[in-house]
Number of protein chains: 2
Amino acid sequence: MTRYKATISYDGTLFAGFQRQTKVRSVQEEIEKTLERLNSGVPVKIHGAGRTDSGVHAYGQVIHFDLPQARDAERLRFGLDSQLPEDIDVVAVEQVGDDFHARYNKHSKTYEFLVDNGRPKNPMMRNYATSYPYPLDLSLMQEAIKDLEGTHDFTGFTASGTAVENKVRTITRATVNQDSKTGFLVFTFSGNGFLYKQVRNMVGTLLKIGNGRMPVSQIKTVLESQNRNLAGPTAAGNGLYLKEIIYED
Amino acid sequence: MTRYKATISYDGTLFAGFQRQTKVRSVQEEIEKTLERLNSGVPVKIHGAGRTDSGVHAYGQVIHFDLPQARDAERLRFGLDSQLPEDIDVVAVEQVGDDFHARYNKHSKTYEFLVDNGRPKNPMMRNYATSYPYPLDLSLMQEAIKDLEGTHDFTGFTASGTAVENKVRTITRATVNQDSKTGFLVFTFSGNGFLYKQVRNMVGTLLKIGNGRMPVSQIKTVLESQNRNLAGPTAAGNGLYLKEIIYED
C-alpha cells in the first residue's frame, strides 16, 4: 500500500460541495470514481483536508488516498487530471508516508473571498465572485478586519447547531484589499482551522460594516457576545475560494 | 421616436451567439424580449455593432434601438439590467440622434483573446480562456504579431466562403503579453473592422508560431498568399472577448 497526497483545484459551481452525498454531484464522488477506474475497478476512498460547501471553489484543496502499488507521481497526476471532469484539476501528486492524513496532520488554511462591487456586476464572474452593488468604504472594513486576527472563540460567526464543541480558533492573518485590475475586493483569511460558514459570516459582517450599517466595533461585539444574531448575513458561497493549505513539517 | 445606444456585456458560454436564430438562445433575442416587456408588449428590434459567435464574450458590445417615447437613460439602463438574465449586463445607456447606427457609424473595435498556458488549466476559467498546455515562446509571438498591424487583405485569416467581398482591413494595434498575476497570455487587437473568425484564426496561427511549429514569418506568408490553408487552426471561441467599441466623433 502506498499513500498519495494530491492538491486539487475545482470550480464549485456545479457541485453540491466537496463531500460525497447521495443523489447530488460532489467533488469527492467524481475523484473516487476516477481513482476506481485507474485502480482496476477496486474502490478507493479519499480524505479531504476540509469540506467545501455548494458553489465554493478551491485552488488548493488537499486530499490523500491509498493505492495497492507504487506509481510514478507525475503519471498518476496526469492520468487523474485527464480523466476527471473539466471542472476538477489535479495540480500536484506526491507519495507520502503512511502516517500522513490530509485532515488530521497539523496545517494552516488560507481562504479568499471575492466581492464584485461593480454596478452592474461582471457577468463573466457571476459564479466566481459575490456581487455587492452597494457603496463600500474599504478603510472601515480594513480597520474592522484586524479584530478577527488572533485566538478567539468564533461561536458568533459559525452556523448555530454546529456539532463541533471547541469553537476557539486562531486567525494568523485577515486582510481586505481592492484588486487594482479588476476592482474586486479580496478578503484573505489564514488560520489553523475554520468553523462551518465562519468565513462567509465574517465577510457578511464586514460588508455591513463597509456599507455603514454596522459600526466598526461590531466584529469585537460578535466575538465577545458569541451571539450569531449580532453578526451580518452569511455571504454567498460563490465568492469563496479554498486557496492554500500548508502542512507543518 | 427616441433612439438609444447601449453598451452591454455578456458571458457567451450559454449563448449560440449574439445574433437571433431559431431554436437556440441568443443575446439579441434575450434583449429584444426584455425591451418588448418594457415597451408595453410592443416588439423592439435591436441592432448590434457586430456579431459574436457561440461562446464568445463581450465587455463592450454596442447596440441601438428605438422607443416610442423618451425615457431617463439611467432608469432605462437599470430596468433593462435588472430584467435581463444574469449572463447579460447593461453597462450604459444614452440617448443618441436618429442617425446613429451601431453597425454603420464609423468605429474601431478592440478584441482580447485569453490563453491559459497552465498545466493543468485553471478550472474556474475553463469557459473564459482557451487552454493551451504546451510550451510557448512569448517573444516569438511578440515578433510575429507586429506583422498583423497595418492595412492588409486578411483573406488568409478568414473563414472560406465568407460573403464579404472586400477583405482589406486595418489593424491599428496588435499585442500579446503575459498577465503578471494570472500568468495568462493576453492578445489584443484593435482595428476598423474584423472578418468572420479573423481574430481566432490569427491567434491560432500565433500559437503555432509560439510553439515553434510555424516560423515567425508565417504571418507574412498568410497575408501575402491569402491562403487560409497556410494559417493555423481556428482558436476556440471561449477565449475571445469583444472588449471595446469606440465611435468616431
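What you are looking at is a predicted structure, and each value in this text was computed from that prediction instead of being measured.

Engineer: An account of the relation of the copies chain A and chain B is needed here, citing residue identities and associated values.
Structural biologist: Screw-axis analysis of chain A against chain B gives a translation of 0.0 Å along the axis, an RMSD of 0.0 Å, and a rotation angle of 180°. Taken together, these values place the two copies in the relation of a two-fold axis. An overlap of 100% is found between the interface residues of chain A and their copies at the interface of chain B, pointing to a shared contact surface.

Engineer: Quick rundown of the interface of chain A and chain B? Include the residues and the values.
Structural biologist: Where the parts come together, the accessible area they lose is often given as the size of the interface. Of the residues lining the interface, 26 residues belong to chain A; the matching set on chain B comes to 26 residues. Across the chain A/chain B interface, buried area totals approximately 2100 Å², and carbon plus sulfur atoms make up 52% of it. Its largest share of buried area at the contact with chain B, chain A owes to Pro120, Met124 and Arg126 of chain A, together 31% of the area lost on that side. At the boundary of chain A with chain B, the tally comes to 6 salt bridges. Where Lys181 of chain A meets Asp179 of chain B, a salt bridge forms, and the shortest distance between an N and an O atom there is 2.7 Å. Counting every contact that joins chain A to chain B gives 10 residue pairs in polar contact (both at pLDDT 80 or more).

Engineer: Which residues make up the environment of Leu35 of chain A, and what are the values?
Structural biologist: Residues and elements named next belong to chain A. As for its placement among the helices and strands, Leu35 is situated in helix α1 (residues 27-38). For Leu35, a relative accessible area of 1% gives the class buried. Separated by 178 residues in the primary sequence, Leu35 and Arg213 have C-alpha atoms spaced 49 Å apart. What Leu35 contacts, discounting residues up to four positions off in sequence, is Val44, Ile46, Phe65 and Leu80.

Engineer: Report on the domain arrangement of chain A, specifying residues and quantitative values.
Structural biologist: Residues and elements named next belong to chain A. In terms of domains, chain A is made up of domain 1 (2-96) and domain 2 (108-247). Taking only C-alpha atoms, the centre of domain 1 and the centre of domain 2 are 27 Å apart. Counting residues at the interface gives 17 residues for domain 1 and 16 residues for domain 2. Between domain 1 and domain 2, a total of about 1200 Å² is buried, with carbon and sulfur atoms accounting for 58% of that surface. Of all residues in domain 1, Asp53, His57 and Tyr59 bury the most surface against domain 2, accounting for 40% of the area lost on that side. Run the count over domain 1 and domain 2 and you get 1 salt bridge. A salt bridge links Asp53 to Arg200, with the nearest nitrogen and oxygen atoms 3.4 Å apart.

Engineer: How would you sum up the pairing of strand β1 (residues 2-10) of chain B? Please name residues and give values.
Structural biologist: Consecutive side chains of a regular strand alternate in pointing toward one face of the sheet and then the other. Residue and element names in this part refer to chain B. Of all 9 residues making up β1, 8 are buried, and the element is well covered by its neighbours. In this structure, β1 lies alongside strand β3 (residues 57-67), joined through 8 bridges in antiparallel fashion. Within β3, the residue paired with Ile8 across the bridge is Gln61. Pairing of β1 with strand β4 (residues 88-96), which is carried by 8 bridges, proceeds in the antiparallel orientation. The residue of β4 that forms the bridge with Tyr4 is Gln95.

Cut-offs and rules
Residues numbered from 1 in each chain as written. Chains lettered and ligands numbered in written order. Predicted model: local features only at pLDDT ≥ 70, side-chain atom pairs only at ≥ 80, totals over all residues. Heavy atoms only, no water. Least-squares fit on C-alpha atoms with pLDDT ≥ 70 in both. Contact = heavy atoms within 4.5 Å. Buried area = accessible area lost by both parts, 1.4 Å probe. Salt bridge = Lys/Arg side-chain N within 4 Å of Asp/Glu carboxyl O. Polar contact = N/O pair within 3.5 Å; in protein donor to acceptor, adjacent residues only side chain to side chain. Helix = DSSP H or I, 4+ residues; strand = E, 2+ residues; numbered from the N terminus. Buried < 20%, exposed > 50% of the residue type's maximum accessible area, 1.4 Å probe, protein only. Domains from an automatic or database assignment. Pairing = 2+ DSSP bridges.

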